[in-house]
Amino acid sequence: MRQFFTFLALVFSTQIMAQQTGRVTGTVIDENGKPVVAATASMLNQADASLVKVAVTDKEGKYEFVNLKDGKYLLAITYVGYEKANSPAFEVAADKLVEIQPIAIIPSSKDLKGVTVESKKPFVETKLDRTIVNVEASPSSAGASALDILEKSPGVMVNSDGVISLRGKQGVIVMMDGKPTYLSATDLANLLKNTPASALDVIEIMTNPSSKYDASGNSGIINIKTKKSKNDGFNGSLTLGATTSIYKLDGETEFIPRSQNSFNFNYKKNKINLFGNYNPNLLRGRNTMEIHSSQIDAKTGELRGYTDQETRFKFGNENHTLKLGVDWYANKRNVLGVVASGFDFNGHPTPTTVADDKDVNGNLRHRLVSNTKNDVSFRNFTGNVNWKHNFLKSGQELTADFDYVIYNSTTNMSLVTNVYDGNLVFLNQSQLRGHIPSEISIKSFRTDYTQPIPKGRLDAGIKTSFVTNDNLVNYEFYNGSNWVEDKIRSNHFIYEENINAAYVTVNRQWGKWTAQAGVRMENTIGKGTQVTTKIPINRDTTNFFPTAFVSYVADKKNTLTFSTGKRITRPNYQDLNPFIFFLDTLSYRQGNPYLAPQYTANMELTHAYMGKFITTLSYNNTNDVISQIIKPDTSSNGKMRYLTVDNVAKLRNIALSITAPLRVSKWWNANLFTNVFNNHYTGFYDTVEIDIAHTSFMVNVTNSFTIKPGFVMELSGFYRYKNLDQLTRTEPLYMMSIAAQKQIMKGKGTVRLNLRDPFAWQRFSGTNKYGYVDMTFGNRPDSRQVTGTFTYRFGKANNQQRKRSLSSQEEQNRVGGAQ
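Quick caveat, the model's predicted, so the values are computed rather than measured.

(A) Quick peek at the overall build of the chain. A count of helices and strands for the chain gives 4 helices and 47 strands. When each of the 819 residues of the chain is scored for burial, the buried share is 54%. For the chain, the proportion of contacts with a sequence separation of at least 24, taken over those separated by at least 6, is 67%. Of the roughly 35500 Å² of accessible surface on the chain, 57% is carried by carbon and sulfur atoms.

Quick look at the structure:
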């Protein structure tokens, strides 16, 4: 802990040395008073009208200029299809903030008769430090879930288990509104599947975040922002949607209904701003998985036979999410906010598994038919209190956030297995049931400080979090007359963790060069206890995570940026849990309390042409890779297997990605993303050496066709070549969607129709072959879907609310709840 407090002292001593410069802010609006996005604001010297700086307005219509010398200036505002507008002259002085009155622009009178001027966001925007996906801009978002939108986002891949990877690497931190979800991969996938795309605003993808962000996530951060507004009065939107999945099985076609709905609102008057959203969703689904595996004795390496297994999943989920918040603008310098949110998930997955046990000649020895019933409840509450203070000196800002998060999940499981001999004559039946409750509580506090310095900016801050994870499992088996406690499989596990962090970053500009350097220190104190065995697990580590960025503007069209940094991926809490959770009679999942974190060194070189065409070359090295692996149960002669996690290898990843927005014609816009990458894993699985390498590529294409003003069609899809997903070799995966949207009711309403995966191409398949594991699998979800939605917007146009980045930046990604 001494290193932590030493570093903390350094952070705040650096703040004191910072200096001040002038700053100018303002907004650009149209003739209706609505904010104008992507307008150009040019800062000019009053004396000779020479250009000083240029800025582009954001989604709130805001622009900002910093690091200005003392003097008199004026602003020129330009925007395609609108007349040029100028501001009155104003004076800038050090340590002062100049707030310009809103500047209104009007449509150009030239050639505008009978023409409607529209400003439409592209589905994908590329920035130097991040990629932005505008969810509302895509007609195919109709009826889609947040996971569906992620799947078609540039560089993002989602495997058959819902695990998210970025540019060929797992270890992504997923946040909602700047706040981590604290969930394991399985539970995060469930949450995103039940979150409608209609509730989302934008998705930010950052492959190499600065030291300001938590060091977790070796492949980067994905921040999912929900819709918000801050206009005066009452405004918002209502979306109603219905979907049917079309699923063929055994020659019969089944139509499976779903419903996705969302309600977003905002009320602002004087100093009070109320906001919230509610998303009720009903999900029904089907899935079929086939597995063929060799039965290899883990003691002798001898082939004992084969197992052919088919599992048919049938599930129904009901999910409700709710968020309510209030901001109080106490004065021009202070804003206080309170946010409360939560979700309630109830699911009933009922998989049926038929497993054929065969000898080495392929003759049937036994057939096992397992029927599993699960009642899963998963609830969450998150409370946040936040404060933002702007100092008198321009650009100087202090923010603070406190989070309290609690997760409760309960799984009641019943597994009945009937066993038949090789002639399909009934032999016996086994019954197992389990009661698996879990509770996780998180308390987190963070404060950040920003201050301009000459030709740059300084950021610094601290964070501390406390997590308690309490898991209990009770298994019982039926002995023919009574239910008896299974003392071998029952367990009680408690894990407590405290993370303390501090960071400082400095950004400075010299002519065509811009540089940023930072370092983050994180101290982790963890203690795990298996209550039944009294075996403690203690951890106390302190790590430093440096980051650096250098950018060079060669000319008006070309910019080069180099970035490097070190990151960590800690095991999620469910992976540390040693409990056994049965998937069927022959397979189960078990955590590993001895998992160690994995560390990654990242380097990226990016070239931007005209700020749109982005090419990135990246190189990454990861040690102690946390990987899902399959192991044979040594007590079953290779017949049973279990899924677990372990530190199994080192990973070297090399990737080249290209992002290219293309304007094919006035009515046809396209966005192309391609990524070519090589993954090379080296290490050991038990005592068997691992040396696996593979080169793969992926392509995402989105085509937008403007049929006429207010009527847009979209053709989009992706293709992923054979890939190495941790230690699993996956076969090619591809899918396409066709969608259309039409604005009605004078722009207040939007109707969307989406046909997702119309040819049912999306099928997951692959091979696991390492150590004593040799198996192939195929997974066919109900991805062919037809959706219709209606969205009604009321009140004034929606804009982004003040940005929040809450204090829990990493812990929620590591929670495991419902199984």
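Now that the structure has been shown, we can carry on.
(B) Focus on the pattern of salt bridges. Using the criterion set out here, one finds 17 salt bridges in the structure. It is possible to trace a salt-bridge network through shared partners that takes in Asp250, Glu310 and Arg312.

(C) Inspection of the packing of aromatic side chains at higher detail. Under the criterion given, the structure shown has 24 aromatic pairs. Taking the centre distance of 6.2 Å and the plane angle of 25° together, the rings of phenylalanine 263 and phenylalanine 794 count as stacked. Taken as a pair, phenylalanine 263 in strand S19 (residues 252–269) and phenylalanine 794 in strand S47 (residues 785–794) lie far apart in primary sequence, 531 residues in all. Assessed through its relative accessible area of 29%, phenylalanine 263 is described here as partly exposed.

(D) Structural detail: the pairing of strand S29 (residues 491–510). Burial analysis of S29 places 14 of its 20 residues in the buried class, the great majority of the element. As defined by bridge partners, S29 adjoins strand S30 (residues 513–530) across 18 bridges and the pair is classed as antiparallel. Bridging from a neighbouring strand, arginine 508 pairs with alanine 515 of S30. The turn linking S29 back onto S30 is made up of 2 residues, and glycine 511 within it adopts a positive phi angle of 60°.

(E) Examining the pairing of strand S25 (residues 397–421) more closely. Bridge count between strand S24 (residues 364–390) and S25: 25 bridges; the pairing is antiparallel. Paired with valine 369 across the two strands is asparagine 418, which belongs to S25. Between S24 and the antiparallel strand that follows it, S25, lie 6 residues; glycine 395 among them carries a positive phi value of about 80°. Pairing of S25 with strand S26 (residues 426–453) involves 24 bridges; the strand directions are antiparallel. When the bridges of S26 are listed, tyrosine 420 appears paired with phenylalanine 426.

(F) Fine view of unusual backbone geometry. Here leucine 424, not a glycine, exhibits a phi torsion of approximately 65°, which is positive. Since its relative accessible area comes to 43%, leucine 424 is described here as partly exposed. With phi around 55°, alanine 760 is a residue other than glycine that occupies positive phi space. Inspection of the secondary structure puts alanine 760 in the loop between strand S44 (749–756) and strand S45 (764–770).

(G) Looking closely at the environment of glutamate 31. Here glutamate 31 is to be found in the loop between strand S1 (22–29) and strand S2 (40–45). Among all residues touching glutamate 31, those that are not within four sequence positions of it are Tyr82, Ile105, Ile106 and Pro107.

Parameters at a glance
- Residues numbered from 1 in each chain as written.
- Predicted model: local features only at pLDDT ≥ 70, side-chain atom pairs only at ≥ 80, totals over all residues.
- Heavy atoms only, no water.
- Helix = DSSP H or I, 4+ residues; strand = E, 2+ residues; numbered from the N terminus.
- Buried < 20%, exposed > 50% of the residue type's maximum accessible area, 1.4 Å probe, protein only.
- Contact = heavy atoms within 4.5 Å.
- Areas by Shrake-Rupley, 256 points an atom, 1.4 Å probe, with all protein chains shown as cover.
- Salt bridge = Lys/Arg side-chain N within 4 Å of Asp/Glu carboxyl O.
- Phe/Tyr/Trp six-rings, centres within 6.5 Å; stacked < 30°, edge-to-face > 60°.
- Pairing = 2+ DSSP bridges.

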